[in-house]
Amino acid sequence: MKSTSVRRVGLSIVVAAALTGVAACTGSDSGQGSGGDDKAAGKSATRVSPIAALRSVETTTDKADSAKVEATTTMGSMMSMEADGALGWADGLTGNLTITYTGGTIADTMRQMGSTSMEARYLPDAYYAKMSDQFAAQAGGKHWIKYAYDDLADLAGGSGAYLKDQIQNTTPNQSVKLLLASGDVRKIGEETVRGVNTTHYSGTVDVADLAGRNSSLSEGQLADLKRQLEQAGITTQTVDLWVDDDDLLVKKVEKGEMASGSMSSTAYYSDYGVEVSTEEPPAADTADFKDLAGAQPSA
């Protein structure tokens, strides 16, 4: 049963990442967000100013290249998690996060393997997750799982391809792109967030529609993804952004409903331009998820 448990945990992690990506709908850096601008251009003048402001925020945040991140995510009964660390996006996504599963079925699965917390490393070609000693004892002594992005694209049709797209583009400016592409942008007002003066913007997006606009999925993959989103009960979500006087994103909140309950994601960004250094884990201590997923259950 050991290989079965290892595969189940490895799959739980990647499924959690997939659902978090779908829920957050961060999108890819495809430059297709202008569709929302065109859509909004025909609307009242009151919406032109917020969109123009967010265009500047998108550019400024993208050019900042890195930031510290604190985030919490809840996905119905499946999971709740906290993440803390720093990410860089100057030349592909890099960074280090400490991820703690605080509730849900995925936390229960992690707990069975000895720890509900793990270290995550992002490199341009792969995502790495460091597991517990108990997990390593069942995975040939290896603590790290490597999820090569190209391998993730082969998982579960559209959701696998979308997962690859999401993880590689988990950067603050993508939430701004998301709201811009929706064409539904409202300025709520001035607010203080953790002592910083900010402007609050809000809107509602169609998840499946935005997935199609802001990803590189093929027609077949997109149709597959839309079916999976419908089965999960994910249709629309609200997006709220708070930006500071330097046109940098300070906070984002994304909320919606799914079949297993409410989903929400809150992230705080600070220390833009912070140095981010990430190294590939030792090969001798790393198991490839593709190999784990293909392992046959032991008798």
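These figures come from a predicted structure and were not determined experimentally.

*Asks:* Whenever I open this one, the side chain of Asp240 confuses me. Can you help?
*Replies:* Note on placement: Asp240 falls in strand β9 (residues 236–244). One buried charged residue, Asp240, remains without a salt bridge, the closest side chain of opposite sign being Arg186 at 6.5 Å. A distance of 3.0 Å separates polar atoms of two side chains, one belonging to Asp240 and the other to Ser202. What Asp240 contacts, discounting residues up to four positions off in sequence, is His200, Tyr201, Ser202, Lys251, Lys252 and Val253.

*Asks:* So what exactly am I meant to see when it comes to the packing of aromatic side chains here?
*Replies:* Any pair of aromatic rings gets described here by the distance separating the centres and the angle formed by the planes. Following the criterion strictly, the structure yields 3 aromatic pairs and no others. Seen from their ring centres, Tyr127 and Tyr147 are 5.8 Å apart, and the 40 degrees between their planes marks the pair as tilted. Of this pair, Tyr127 sits in strand β5 (residues 126–130) while Tyr147 sits in strand β6 (residues 144–148), and the two are 20 residues apart along the sequence. Site record: aromatic cluster; members linked through ring pairs are Tyr122, Tyr127, Tyr147 and Phe289. Lying over the aromatic face of Tyr268, Arg194 brings its terminal NZ or CZ to 3.7 Å of the ring centre. When the ring centre of Trp242 is taken as origin, the NZ or CZ atom of Lys251, which lies over that ring, is 4.5 Å away.

*Asks:* So what exactly am I meant to see when it comes to helix α4 (residues 104–112) here?
*Replies:* Side chains three or four residues apart in an α-helix point the same way, a direct result of the helix having 3.6 residues per turn. Those residues of α4 that sit buried are Ile106, Ala107, Thr109 and Met110. Viewed end-on, α4 has its buried residues packed into an arc of 160 degrees, placing them on one side of the element. Backbone geometry just downstream of α4 places Gly114 in the positive-phi region, at approximately 105 degrees.

Conventions adopted
- Residues numbered from 1 in each chain as written.
- Predicted model: local features only at pLDDT ≥ 70, side-chain atom pairs only at ≥ 80, totals over all residues.
- Heavy atoms only, no water.
- Helix = DSSP H or I, 4+ residues; strand = E, 2+ residues; numbered from the N terminus.
- Buried < 20%, exposed > 50% of the residue type's maximum accessible area, 1.4 Å probe, protein only.
- Lys, Arg positive; Asp, Glu negative; His and termini not counted.
- Salt bridge = Lys/Arg side-chain N within 4 Å of Asp/Glu carboxyl O.
- Polar contact = N/O pair within 3.5 Å; in protein donor to acceptor, adjacent residues only side chain to side chain.
- Contact = heavy atoms within 4.5 Å.
- Phe/Tyr/Trp six-rings, centres within 6.5 Å; stacked < 30°, edge-to-face > 60°.
- Lys NZ or Arg CZ within 6 Å of the ring centre and 35° of its normal.
- Arc of directions from axis to C-beta.

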